[in-house]
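Structural description and commentary
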Amino acid sequence: MRLYKKEGNIVQILSFPNENAEKGDYLLIEDAEAQKALIVQVIDIQFANIPGVLEELLRSLPDGGEIIQGEDVDPLEIAPHITYIQDSRLLICKIRATVEGGESLSPSSSWLPSRSQSTIKRLPIPTLLKLARVDGKLPIVLGTTKEASLLTVDASALDGRLNIITGKKETGKSHLSKLLITALLHYGATVVVLDLNGEYAGLGMTADGKRNAYYNKVHVLTPSQNFKVALKQLHLNELMNILIHALHLPGTSAREFRRIWQSLRERNALTLNELGEAIRNWHCNQNVRDALFSRYYAMVNSGFFTDNMAEATLLEECLSKAKDEGGAIIINLRDTSTIDRQIVVEYLLGKLVELLSSWRLRAVFLFAEEAHLYLRETYWDDIVTRMRHYGIFTTFITNQPDTIRENIYRQADNIFLFNFTNEHDLETVSRAARVDAETVKSIAMDLPPHHCLVLGKIVKDFPIVVKVRALDIKTMGETRLFFKNTS
């Protein structure tokens, strides 16, 4: 390989036919005299566009599609050299770092290596990870790289971070999120999963239905079944958030509700029946009463609210247990209507903030699948900024990257990107601050299923393609098929 051109942080390298390089590979351009080296990553491969090659290709075509009879004469034996030139390639590479003194890495790309004296060689991924110090005391094996070496990252790189797992359908997003969740459980973390399709209920079981090491750490809570809340447990602000943001209660009616609530609290009568009676007998405008009744019946019909305190304490018990031993609370939102889903999520997030702000919980890793379906718009900013300071560290999982707002991509610390063929989706993901658009668009488009481009702090900003390892966990939430048993 020979260094050909450098423009900004893009380096072009001439590669000859016997030198194999693929997208995603890392190369080391060493300048012995300067005692420096550039770490570059191949993001695209093109044929070397050499003047005269096109003409030579045209000359080599048979005339009019007919086979020319005769014998090729090559007295100077230049034909093999021409073939060699025709197959030469141009590697478009992105500069990732500069190595100084053989060990120290810096993101600088301001120096220029010698074109004539530099040597170029492949940089194995294990060597790169060692140089970048991608290791740690809490290892998570994500899978294998193209070189069949293991990619091991540190669980602490997820701590206090905002993560996004995205890719088109059936590429392995949920599988990766389960891998991360089980790894966090292994290290005693508290995890809350907003499970839209009931996919995570089998985390505590092996593929053949036996209990695994996480069985006692996984708690599945289904709203209106084993996950309910009593009015006495709720702070007024939490209930107002549900009424205003999930049930869209107008401001005038909200003011009346506050008065009703205070009246009931003074009488120690915070029950569903008393609330219904109080609305019925309250002196107010009929439109206000109708608005309050419609929200009241929405609350009653959701089945999420109860007057039985014995039914209403399971969430805190599970969180308390998870705090001591580590555990995952799976909020099973399958078969829950959109309104009920919003009510549950509003309550859950408010409860987590309350527990975290009073230090009854240390921190929570929140995994939100298809979060755009149940989180109100303003919660996006809230979760990634304010709640992060309380100790809620979120991982968004979606196959619709354009539903996540741009300011979230800007703040994302780690992105796990699976295959996308739609350029609009890739354009959206490329707005993330920790990655360049060329890398995303070029590499992610060619990723096979179950292969993931890992970006961000977890790999010290060295994008690495990994085949996510298999998990022995019972698969849930499979797509129901009509022709499943047809051969």
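Below you will find a few notes about this structure. (Residues numbered from 1 in each chain as written. Predicted model: local features only at pLDDT ≥ 70, side-chain atom pairs only at ≥ 80, totals over all residues. Heavy atoms only, no water.)

**Brief notes about the environment of Ile45**
The residue Ile45 is located in strand β4 (residues 36–47) in this model. Residues contacting Ile45, with those up to four places away along its chain left out, are Ala21, Glu22, Lys23, Arg89, Leu90 and Leu91. (Helix = DSSP H or I, 4+ residues; strand = E, 2+ residues; numbered from the N terminus. Contact = heavy atoms within 4.5 Å.)

**A look at the pattern of salt bridges**
Following the criterion strictly, the structure yields 20 salt bridges and no others. Between Asp25 and Lys146 there is a salt bridge; the shortest N-O distance is 2.5 Å. You can see Asp25 sitting in the loop between β2 (10–15) and β3 (26–31) and its partner Lys146 sitting in the loop between β8 (139–144) and β9 (150–154), a full 121 residues away along the chain. Each of Glu22, Asp25, Arg122 and Lys146 takes part in salt bridges that share partners, so that together they form one network. (Salt bridge = Lys/Arg side-chain N within 4 Å of Asp/Glu carboxyl O.)

**Topic: the side chain of Ser118**
Mapping Ser118 onto the fold places it in the loop between β6 (104–106) and β7 (119–122). Under the relative-accessibility criterion, Ser118 is labelled buried at 10%. A distance of 2.4 Å separates a polar atom in the side chain of Ser118 from the backbone oxygen of Ser114. Residue contacts for Ser118: discarding those within four places in its chain leaves Ile29, Glu30, Asp31 and Pro113. (Buried < 20%, exposed > 50% of the residue type's maximum accessible area, 1.4 Å probe, protein only. Polar contact = N/O pair within 3.5 Å; in protein donor to acceptor, adjacent residues only side chain to side chain.)

**Looking at helix α6 (residues 251–266)**
In this model, α6 (16 residues) spans 23 Å end to end at C-alpha, consistent with the 22 Å of a helix rising 1.5 Å per residue. Looking at α6, one finds that the buried residues are Ser253, Ala254, Glu256, Phe257, Ile260, Trp261 and Leu264. The buried residues of α6 occupy an angular sector of 160° when the element is viewed end-on, so they sit on one face. Exposed side of α6, more than 90 degrees from the buried face: Arg255 and Glu266 are the residues found there. Elements that come into contact with the buried residues of α6 comprise α5 (236–246), α7 (272–281) and α8 (286–302). Looking one or two residues past α6, Asn268 carries a phi angle of roughly 50°, positive in sign. (Expected span 1.5 Å × (residues − 1). Arc of directions from axis to C-beta.)

**Some thoughts on the environment of Ala298**
Tracing the backbone through its elements, the reader meets Ala298 in helix α8. The class of Ala298 is partly exposed, set by a relative accessible area of 23%. Ala298 sits 42 residues away from Asp340 along the chain, and the two C-alpha atoms are 8.4 Å apart.

**With respect to the pairing of strand β10 (residues 163–166)**
On any regular strand, side chains alternate: one points to one face of the sheet, the next to the other face. Judged by which residues are buried, β10 turns out to be covered on both faces: Asn163 and Ile165 on one side and Ile164 and Thr166 on the other are all buried. The pairing of β10 with strand β18 (residues 414–417) spans 4 bridges and is classified as parallel. In the strand pairing of β18, Ile165 is matched with Phe416. (Pairing = 2+ DSSP bridges.)

**A word on the environment of Ser430**
Among the structural elements, Ser430 can be located in the loop between α13 (423–429) and α14 (437–444). Sequence-wise, Ser430 and Lys441 are 11 residues apart; in three dimensions their C-alpha atoms are separated by 7.4 Å. When near neighbours in sequence (up to four residues on either side) are disregarded, Ser430 contacts Val435, Ala437, Val440 and Lys441. One polar contact links the side chain of Ser430 to the main-chain carbonyl oxygen of Glu427, over a distance of 2.7 Å.

Scope: geometric values only; no functional claims are made or implied.
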